[in-house]
Amino acid sequence: MTLESVKPEAPGTRDTSEAPELRLPPLAGGAVPVLGHGLKLVRDPLAFMSALREHGDIVRLRLGPKTVYAVTTPELTGALALSPDFKIDGPLWESLEGLLGKEGVATANGPRHRRQRRTIQPAFRLDAIPDYGPVMEEEAHALTGRWKPGETIDCTSESFRVAVRIAARCLLRGDYMDERAERLSIDLAAVFRGMYRRMVMPLGPLYRLPFPANREFNRALADLHLLVDEIVAERRASGQKPDDLLTALLEAKDDNGDPIGEQEIHDQVVAILTPGSETVASTIMWLLQVLAEHPEHAEKVRTEVESVTGGRPVGFEHVRALRHTNNVVVEAMRLRPAVWILTRRAVTDTELGGYRIPAGADIVYSPYAIQRDGRSYARHLDFDPDRWLPERAKDVPKYAMSPFSVGNRKCPSDHFSMTQLSLITAAISAKYRFEQVDGSNDSTRVGITLRPHDLRLRAMPW
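Let me begin by describing the structure that accompanies this report.

Thresholds applied
Residues numbered from 1 in each chain as written. Predicted model: local features only at pLDDT ≥ 70, side-chain atom pairs only at ≥ 80, totals over all residues. Heavy atoms only, no water. Helix = DSSP H or I, 4+ residues; strand = E, 2+ residues; numbered from the N terminus. Rg over C-alpha atoms; globule rule 2.2 N^0.38 Å. Contact = heavy atoms within 4.5 Å. Areas by Shrake-Rupley, 256 points an atom, 1.4 Å probe, with all protein chains shown as cover. Core = buried A, V, L, I, M, F, W, Y, C linked by side-chain atoms within 4.5 Å. Buried < 20%, exposed > 50% of the residue type's maximum accessible area, 1.4 Å probe, protein only. Expected span 1.5 Å × (residues − 1). Bend = angle between axes of the 7 residues up to and from the residue. Pairing = 2+ DSSP bridges. Axes fitted to C-alpha atoms, helices over the stretch in contact; angles between N-to-C directions. Salt bridge = Lys/Arg side-chain N within 4 Å of Asp/Glu carboxyl O. Polar contact = N/O pair within 3.5 Å; in protein donor to acceptor, adjacent residues only side chain to side chain.

Some words on the overall build of the chain
Right, so step 1: A count of helices and strands for the chain gives 16 helices and 12 strands.
Right, so step 2: Its C-alpha radius of gyration of 22 Å places the chain within 12% of the 23 Å reference for a compact globule of 462 residues.
Right, so step 3: Seen through its C-alpha atoms, the chain measures out along the principal axes to roughly 65 × 55 × 45 Å.
Right, so step 4: The long-range share in the chain, meaning contacts at least 24 apart out of those at least 6 apart in sequence, stands at 73%.
Right, so step 5: Counting every atom, the chain has about 19,200 Å² of accessible surface; 52% of that belongs to carbon and sulfur.

What follows is the structure, given as structure tokens:
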């Protein structure tokens, strides 16, 4: 299966003037004074978001002083993503602005966003992906080459290392990898943890007090921005102009034909390097966990790789033929999506699902909850890659599986990410099977993204 197999088809919204009978969505139960539902979102956010559909297609939440509208069905999340009545904004994006800035493609809206998409899109076109194949192959095999039979693997650091190296070598063409990948891994863990707290419990001035958690967040955030400044400065000093995304940014023009500003260049590099590395690395961690928990699928991937390659090292040219491997990746993303919560903001008084949504309202939805919903999937909590075989995938409702989003906010690197994930899964499965070790903790760590707390596996040769 490819993710494009679940075709988007916008359900549409209508103006409130056509529907004077529009209702106010019901208020979810369990709110507490001052914090509202924020306490539940901190204590067990995945269970809380997954249970909201029982209360309605859209429900109201209280997050501190704010009222937020939670959308719970695939159809309405599709309508939300495709409607011009809603934009990228809200609690998630406000919390991310400290990392991503206000001038990068991830957080921009309107004409700026369209111009930025035009700048970066060529790097991710389908016909551009083969140029990255040699780098992806080299890094995938270097990953397994670092491991020794029987040794314990720190899956967090190894996943970040390969994700950052592929992104930087393909898109930024740099040689700054290992030490900076370690810094990025440590910094992102602290930053995304702090941003999640700020999103669900918007307590404003309290986050400026010198508490240990606030100091850790500020240190990590400052180091992330320093890392990006180092990358840009090194490229400028080198005088080199390789055909990559960083060169495109340094030579990009604004709507007046002038070079884009330094802040926009900085924010664009942050948007390319950090969220992409975080989400890809988190997915690699979950894939390693899946291969350890489901040895029957690890064996099936190994057999498929051997059949397709004839026993040679797996390469980019083999990826399209690795159907079960690709389905393992898709199913892992269904059950453990790195991006589990998203927000939008209404730009006008509008309607969604028969409910009135006022201008300025914040809307939240959870791909995690949508993709695990028993109304959309038989045996919805089972790990079943075969559900993505063509004859079964056709039964998946539209928008019930869209890990890269849809519409004008669809992640431009979807093909790039899927290719490297399938290639890495194939390379590691061809060489090793995995066992959990004492002290490993594969329970879910919830921040802005999902990843295992501290996954440690023993790599065993076949």
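Notes on the nonpolar core
General note: in soluble globular proteins, nonpolar side chains tend to be found buried as a group.
Right, so step 1: Grouped together as the largest cluster of nonpolar side chains are 88 residues, with contacts concentrated most on Trp147, Leu171, Leu288, Phe416 and Phe434.
Right, so step 2: Per element, the largest residue contribution to this core is 14 residues, and it comes from helix 11 (residues 262–293).
Right, so step 3: With residues up to four places along the chain from it excluded, the contact list for Trp147 reads Ile153, Glu158, Leu288, Ile428, Tyr432, Phe434 and Ala459.
Right, so step 4: Counting residues in hydrophobic clusters, the runner-up holds 17 residues, among them Phe48, Val59, Leu61 and Trp286.

So, helix 6 (residues 129–146)
Right, so step 1: The terminal C-alpha atoms of helix 6, which comprises 18 residues, lie 26 Å apart, in line with the 26 Å expected from a rise of 1.5 Å per residue.
Right, so step 2: For helix 6, the principal kink sits at Val135 and spans about 30°.
Right, so step 3: Structurally, helix 6 contributes buried residues whose contacts are with helix 7 (155–172), helix 16 (414–431) and strand 9 (432–436).

Some words on unusual backbone geometry
Right, so step 1: Despite not being glycine, Val34 has its phi angle at roughly 70°, a positive value.
Right, so step 2: For Val34, a relative accessible area of 68% translates into the label exposed.
Right, so step 3: At Ser405, a residue that is not glycine, the phi angle is positive and equals roughly 70°.
Right, so step 4: In this fold, Ser405 is placed in the loop between helix 15 (390–393) and helix 16.
Right, so step 5: Residue classification places Ser405 among the buried positions, given a relative accessible area of 16%.

Section: the sheet that holds strand 4 (residues 152–154)
Right, so step 1: Sheet architecture is open: 3 strands sit in the order 4-12-9, paired in antiparallel fashion. Every other strand in the sheet has two partners, leaving strand 4 and strand 9 as the edge strands with one partner each. Pairs of neighbouring strands in the sheet enclose a mean axial angle of 40°, with direction left out of account.
Right, so step 2: As judged from the 3 bridges shared by strand 4 and strand 12 (residues 456–461), these two strands associate in the antiparallel manner. For Thr152, the partnering residue across the bridge sits in strand 12 and is Arg458.
Right, so step 3: Taken strand by strand, helix 7 contacts strand 4 and strand 12, and its axis lies near 60° from that of strand 4.

Brief notes about the sheet that holds strand 2 (residues 66–71)
Right, so step 1: The strand order across the open sheet formed by 5 strands is 1-2-8-5-3, and the pairing between neighbours is mixed. Two strands in the sheet have a free side with no partner beyond their single neighbour: strand 1 (58–63) and strand 3 (86–88). With direction set aside, neighbouring strand axes in the sheet form an average angle of 35°.
Right, so step 2: In the sheet, strand 2 pairs with strand 8 (residues 362–365) via 4 bridges, with the strands oriented parallel. Within strand 8, the position partnered with Val68 by the bridge is Asp362.

Brief notes about the pattern of salt bridges
Right, so step 1: Scanning all chains against the criterion turns up 34 salt bridges.
Right, so step 2: For Arg375, the salt bridge is made with Asp373, and the minimal N-O distance between the two is 3.1 Å.
Right, so step 3: Through salt bridges with shared partners, a single network forms among Lys66, Lys87, Asp89, Arg345 and Asp362.

With respect to the environment of Ser307
Right, so step 1: With respect to the secondary-structure elements, Ser307 resides in helix 12 (residues 295–309).
Right, so step 2: A residue is classified by how much of its surface remains accessible, and Ser307, at 61% relative accessible area, is exposed.

A look at the environment of Asp127
Right, so step 1: With respect to the secondary-structure elements, Asp127 resides in the loop between helix 5 (110–120) and helix 6.
Right, so step 2: What makes Asp127 exposed here is its relative accessible area of 53%.
Right, so step 3: One polar contact links Asp127 to Arg125, side chain to side chain, over a distance of 2.8 Å.

As for the pairing of strand 10 (residues 441–446)
Right, so step 1: Here strand 10 pairs with strand 11 (residues 450–454) via 4 bridges, running antiparallel. What sits directly across from Thr444, in strand 11, is Pro452.

Comments concerning the side chain of Asp85
Right, so step 1: Following the sequence through the fold, Asp85 ends up in the loop between helix 3 (74–82) and strand 3.
Right, so step 2: Exposure remark for Asp85: the relative accessible area of 18% places this residue in the buried category.
Right, so step 3: One polar contact links Asp85 to Thr350, side chain to side chain, over a distance of 2.7 Å.

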